[in-house]
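Below are the chains, spelled out letter by letter.
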Amino acid sequence: MRKLITIFLLISTIASFSQQAFELSATNESLTSIVKILSKKYDLKFSYSPRVLSKHSITKKITAKSKAELISKVFEDLPFDLKLTDGVYLIIPKKIEVKTTPIIGQVYDGDSGEPLAYAHVQTKEQGTLSSQNGRFSLPPSKDTVTLTVSYIGYKNVELKVPPNEDNLKLRLNQNPQELQEVVLTAESDNFNPDPSFFSLNPQQFSSLPMLGETDVFKTLQLLPGVRATDETSSGLVVRGGVPSQNLVLMDGFTLYNLDHFFGIFSTLNPNAINNVSIYKGGFGPKYGGRVSSVIDVAGKNGQVENFSGQVGLNMLSFNTTLNIPFGQKTSALIAFRQSFTDVINSDLYQDFLTASRQNYLESISSELNALNLAPSLRFHDINTKVQHRFSERSVFDVNLYLSEDFYAGNYQEGNDFAEYTVLDESNWANAGISFNLKSQFKPNWFNSTTLSASEYREDESLSITQTFLQDIAFDGDSIEANSSIEYFNYTIGSSVGDVTIKSHNEIDVDAQNTLSGGIELNGINTNYETSQSFLVDLNTSTGYTDTLTAEASIFSFYGNYQFKKEDILANIGLRTSYYDPTNKWYLEPRFDLGIKVSDRFSLKGAGSFHHQFITQTSLSILQNSDQFYWILADDKIIPVQRSTHFIFGGNYTIDNWSLDVEYYNKRTEGIIESQFLVLPPAIIEILLQQQLNLSGQNNAEGLDIFLKYRNKTFSSWVSYSVGRSENSFWYRNQNNPYPAVQDQRHELNFTNILKLGKWELSSVFLFGTGQRYTPANPEFSLENDSVSFYDLTRINASRLPAYKRLDISAKYSFNLGKLACESGVTFFNVLNNRNIKSRKFTVRYVFDEQSDTSGASDDLEVVPLDTELLGFTPNFFINIRF
């Protein structure tokens with residue numbers, strides 16, 4: 001019985017304890033007080049920091065079945081961990097992981113609001129360069145860091161940046177006292193070793209000696225790997241390629257021709273350009289459609305702060321630029337150029353036209369004397385950009401570009417027998433428009449969507465009319481004196497146009513990883529029309545008319561992964577394109593890598609594949625300019641061009657010196673000879689039926705060296721290129737490689753800019769091996785006319801004399817009240833060296849001076865026709881900003 005009572009009492013006690021409630025009620029009570037209450041009421045022991053706990057208070061009403069549950073609910077949602085050790089609860093503050101994001105921002109011009117591409121952005125530990133849109137990203141930091149932003153020609157900005165800052169807007173103000181260096185490359189403290197890449201700002205090379213005015217493309221020719229030994233061509237020969245293999249973009253639309261005034265300067269107005277980027281090879285998957293290089297031009301944006309403008313004048317043209325704000329979010333920038341050579345014939349204008357005309361006259365006869373020469377050339381271009389800023393993260397702009405050249409080389413020649421009137425006319429024009437929407441959806445997500453269209457057209461004609469000064473009879477026909485007949489009439493018109501829509505995205509996953517990619521759709525059309533009539537006898541003419549049109553669509557998508565750390569940068573990308581005329585997909589893998597070996601030395605390399613679906617050829621027989629025709633590939637008659645690029649190099653920097661060296665190897669398949677396209681269609685059809693592949697390949701390799709020195713008042717660089725460019729066709733030169741016409745073994749450029757107060761003095765010296773040409777065949781004669789006129793066993797085997805030129809210039813900056821002015825003078829080819837652009841040959845009859853000039857002997861003379869480049873030429877300019 002006693003045992004039963006004891007068991008009953010024990011069970012009752014346990015049951016009463018199991019039913020005991022552990023309670024706590026607190027209203028805005030400090031956590032320190034709560035711990036003391038728990039210790040006293042429930043005999044609990046705690047170890048803690050009163051200073052830390054006093055920072056927290058709770059308002060809770062808790063009922064628990066156990067002490068452990070009570071303590072757990074008290075500290076629920078509080079930044080503490082509980083640990084029970086030997087009956088004591090240790091209250092330990094949790095380790096809070098501060099979520100950090102990369103430092104993301106954008107660099108602008110403080111006045112115009114233009115994004116500044118490739119600005120130096122630096123912290124104590126890390127450095128980078130801003131992108132073409134001025135954007136940059138640095139690794140995250142848990143602490144406030146000091147950020148320094150610098151850009152040549154601007155005042156440095158230094159500011160404190162707290163953690164997690166992902167939308168910095170940094171505006172730099174121009175510093176006219178600092179030398180504006182011409183070429184920007186990645187320095188060692190801002191590791192960004194893009195192979196074969198350069199970026200230029202037009203404002204930074206305004207003091208260089210130029211023909212006419214500041215010229216973007218002439219400045220690019222001072223870089224290694226870009227041929228400069230032809231001042232009458234704005235088409236760039238890059239690393240052994242031809243100009244048609246370069247992709248030239250301006251605010252999203254394609255430019256197919258770059259020449260004003262026979263190439264003396266380009267069609268791009270420097271006053272409308274913010275930045276120019278050139279990729280000489282190995283470019284990423286964002287760009288496609290060309291097999292040699294990319295030139296990406298970003299136009300200037302207008303200012304919303306105030307109205308401003310500029311006017312300028314030189315010996316060939318005048319220009320004006322206006323910035324017009326519309327409220328606080330919309331602006332318009334208009335830049336216009338117009339030649340006045342049709343009104344005032346300057347020496348620069350006359351020198352070039354006289355040389356061109358003289359070559360043509362020599363090809364006819366030494367007995368013809370010019371009676372009258374009335375050539376006329378004029379051009380104009382206009383750039384317009386209207387921009388609206390919806391917000392800091394969304395900008396929309398419309399860009400319009402128009403340019404046109406007119407040439408009329410009409411003249412008369414004659415002797416005692418007859419007068420010849422030659423009408424030699426041509427005009428060529430570019431047009432482009434683009435609509436761009438740039439959006440920053442998130443701090444790390446940037447999108448650019450572009451709708452663009454462009455067109456290039458050219459029309460030219462040549463006719464020769466003879467007016468007889470005497471009555472003549474010929475094969476039973478007769479013509480009275482002062483009667484005229486048209487011997488020859490030739491006209492040609494061609495055009496190329498495209499419409500493109502492209503969407504590009506960039507996502508900074510974190511400070512080390514970036515994804516980018518997009519889609520692109522192109523529609524391209526080409527048109528070619530020609531007609532020719534010529535005299536059969538005195539009363540009969542014959543001729544033909546030919547038309548060729550083609551259309552194509554190209555759909556492309558691409559992606560790129562970038563990995564970037566302090567000492568390594570790698571890009572792996574892929575572009576694939578569907579070309580509807582061939583019904584094929586074309587894959588183009590791209591890769592580049594940069595390794596920072598030390599603070600001063602870095603290595604870089606790239607490998608890439610590229611395709612081109614449109615090619616350029618010359619079909620003109622006229623003398624007035626380097627006319628050409630664009631034609632789409634069909635992989636039958638016109639092949640799709642394919643190229644592979646391999647690049648390896650390094651950069652070494654010490655103090656104010658920088659040395660950049662790159663080796664390149666480029667192989668291009670699918671090239672064609674211009675002569676093939678002028679074969680009769682029946683002959684081409686026979687060749688195709690026999691499945692003869694008439695395309696060839698080009699192999700180019702070389703070494704580019706770029707040595708640069710810079711300090712506050714003096715900048716100097718030397719660029720040297722050594723290379724070769726060879727073509728191979730199975731039906732030429734016994735299938736052995738032979739030099740391409742664009743082959744140049746050596747070229748050396750030495751450029752200097754010195755700033756002395758308000759003066760800027762500059763000089764450029766160029767040396768290059770002479771242009772390639774094919775010599776005449778010594779076995780050719782009237783009796784042996786089955787032999788080719790040119791020696792096809794020695795294609796491009798000869799060279800013209802070496803090219804040498806020294807240019808100097810001086811620019812002075814001053815103020816007239818509120819007007820900022822600069823004026824200067826350029827002396828082009830100071831040493832007056834005789835440089836030859838090209839050499840061709842013609843057959844000329846040798847007249848017997850003892851007989852009547854109307855009769856000629858059977859003797860022929862093979863004579864060279866040299867197109868000479870400009871001799872000593874001065875130029876003056878003045879620019880006024882308001």
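Residues numbered from 1 in each chain as written. Predicted model: local features only at pLDDT ≥ 70, side-chain atom pairs only at ≥ 80, totals over all residues. Heavy atoms only, no water.

Structural notes on the sheet that holds strand S2 (residues 45-47)
Here is step 1: Taken together, the three strands give an open sheet; going across it, the order is S2-S5-S4, and neighbouring strands pair in mixed fashion. The outermost strands of the open sheet, each flanked by one partner alone, are S2 and strand S4 (80-85). Recorded for the sheet is a direction-independent mean angle of 30° between the axes of neighbouring strands. (Pairing = 2+ DSSP bridges. Helix = DSSP H or I, 4+ residues; strand = E, 2+ residues; numbered from the N terminus. Axes fitted to C-alpha atoms, helices over the stretch in contact; angles between N-to-C directions.)

Points about the pairing of strand S19 (residues 273-279)
Here is step 1: The element S19 is extensively covered by neighbouring structure, given that seven of its seven residues are classed as buried.
Here is step 2: Here strand S14 (residues 197-200) runs beside S19; their pairing, made up of four bridges, is antiparallel. Paired with Phe-198 across the strands is Ile-278, a residue of S19.
Here is step 3: As defined by bridge partners, S19 adjoins strand S20 (residues 293-299) across six bridges and the pair is classed as antiparallel. What sits directly across from Val-276, in S20, is Val-297. (Buried < 20%, exposed > 50% of the residue type's maximum accessible area, 1.4 Å probe, protein only.)

Some thoughts on the pattern of salt bridges
Here is step 1: Enumeration according to the criterion identifies 28 salt bridges in this entry.
Here is step 2: Among the ionic pairs, Lys-385 bridges to Asp-251, the shortest N-O distance being 3.7 Å. Separated by 134 residues along the polypeptide, Lys-385 in strand S24 (residues 369-391) and Asp-251 in the loop between strand S15 (246-250) and strand S16 (253-254) bring together distant segments of the chain. Judged on exposure class, the residue Lys-385 and its partner Asp-251 are both buried.
Here is step 3: A salt bridge links Lys-604 to Glu-662; the shortest N-O distance between them is 3.1 Å. Within this pair, whereas Lys-604 is found in strand S35 (residues 601-612), its partner Glu-662 is found in strand S39 (residues 657-671), the two being separated by 58 residues in sequence.
Here is step 4: For Lys-604, a relative accessible area of 8% puts it in the buried group. (Salt bridge = Lys/Arg side-chain N within 4 Å of Asp/Glu carboxyl O.)

Let's talk about the sheet that holds strand S9 (residues 135-138)
Here is step 1: Strand order in this open sheet of three strands is S9-S6-S12, and the pairing throughout is mixed. Looking at strand neighbours, the two that pair on one side only are S9 and strand S12 (168-172), the edges of this open sheet. Each strand of the sheet is rotated relative to its neighbour by a mean of 30°, with strand direction disregarded.
Here is step 2: Pairing geometry for strand S6 (residues 103-109) and S12, over five bridges, is parallel. Bridging from a neighbouring strand, Asp-109 pairs with Leu-172 of S12.

Some thoughts on the nonpolar core
Here is step 1: Core analysis: the biggest nonpolar cluster contains 39 residues, and Ile-264, Val-496 and Tyr-579 have the highest contact counts within it.
Here is step 2: Broken down by secondary-structure element, the contributors of at least two residues to this core are S24, strand S25 (394-414), strand S26 (418-442), strand S27 (445-468), strand S30 (484-508), strand S31 (513-537), strand S32 (540-565) and strand S37 (629-632).
Here is step 3: Discounting residues that sit within four places of it in the chain, Tyr-579 has contacts with Ala-552, Ser-553, Ile-554, Lys-584, Tyr-586, Phe-613, Leu-632 and Ala-633.
Here is step 4: Counting residues in hydrophobic clusters, the runner-up holds 33 residues, among them Leu-208, Leu-223, Ile-278 and Tyr-401. (Core = buried A, V, L, I, M, F, W, Y, C linked by side-chain atoms within 4.5 Å. Contact = heavy atoms within 4.5 Å.)

Concerning the side chain of Thr-826
Here is step 1: Here Thr-826 is to be found in strand S48 (residues 819-828).
Here is step 2: Using a relative accessible area of 2% as the deciding quantity, one classes Thr-826 as buried.
Here is step 3: Setting aside residues up to four positions removed in sequence, Thr-826 forms contacts with Pro-209, Met-210, Ile-808, Ser-809, Thr-873, Pro-874 and Asn-875.

Thoughts on the pairing of strand S5 (residues 88-93)
One face of the sheet, then the other: side chains in a regular strand alternate in exactly this way.
Here is step 1: By the bridge criterion, three bridges tie S2 to S5 in an arrangement that is parallel. Counted as the bridge partner of Ser-47 is Leu-90 from S5.
Here is step 2: The loop that links S4 with its antiparallel partner S5 comprises two residues; one of these, Asp-86, has a positive phi angle of about 55°.

Section: the environment of Phe-205
Here is step 1: Of note, Phe-205 is situated in the loop between S14 and helix H5 (216-220).
Here is step 2: Residue class for Phe-205 comes out buried when judged on its relative accessible area of 1%.
Here is step 3: Here the alpha-carbon distance between Phe-205 and Asp-215, two residues ten residues apart in the chain, equals 8.7 Å.

Some remarks on the confidence of the model for the protein chain
Here is step 1: Averaged over all residues, the pLDDT of the protein chain equals 81, while 82% of them reach at least 70.
Here is step 2: Every residue in residues 13-18 scores below 50 in pLDDT, and together they form zero contacts with partners more than four places removed in sequence or on other chains.
Here is step 3: Contacts of residues 620-626 to residues separated by more than four positions or lying in other chains number 19 contacts, the stretch itself having pLDDT below 50. (pLDDT = per-residue confidence, 0-100.)

Focus on the packing of aromatic side chains
Here is step 1: One pass over the full model with this rule turns up 21 aromatic pairs.
Here is step 2: Ring centres of Tyr-579 and Phe-613 lie 4.6 Å apart, and the angle between their planes is 20°; on these two criteria the pair is classed as stacked. With a gap of 34 residues between them, Tyr-579 in strand S33 (residues 568-579) and Phe-613 in the loop between S35 and strand S36 (614-617) connect regions that are remote in the sequence. By the burial criterion, Tyr-579 is buried, and Phe-613 matches it. (Phe/Tyr/Trp six-rings, centres within 6.5 Å; stacked < 30°, edge-to-face > 60°.)

A closer look at a nonpolar patch on the surface
Here is step 1: On the surface, Phe-435, Leu-451, Val-499, Ile-501, Ile-519, Leu-521, Phe-555, Phe-557 and Trp-585 cluster together to form a nonpolar patch covering roughly 810 Å² of accessible area.
Here is step 2: Those elements giving two or more residues to the nonpolar patch turn out to be S30, S31 and S32.
Here is step 3: Mapping Leu-451 onto the fold places it in strand S27.
Here is step 4: Residue class for Leu-451 comes out partly exposed when judged on its relative accessible area of 41%. (Patch = residues over 30% accessible without salt bridge, like charges linked within 9 Å, V, L, I, M, F, W, Y side chains within 5 Å. Areas by Shrake-Rupley, 256 points an atom, 1.4 Å probe, with all protein chains shown as cover.)

Brief notes about unusual backbone geometry
Here is step 1: Look at Asp-251: it is not a glycine, yet its phi comes out positive at around 50°.
Here is step 2: For Asp-251, a relative accessible area of 14% translates into the label buried.
Here is step 3: Of note, Asp-655 is a non-glycine position whose phi angle comes to about 55°, a positive value.
Here is step 4: Within the fold, Asp-655 resides in the loop between strand S38 (641-654) and S39.
Here is step 5: Classification of Asp-655 as exposed rests on a relative accessible area of 68%.

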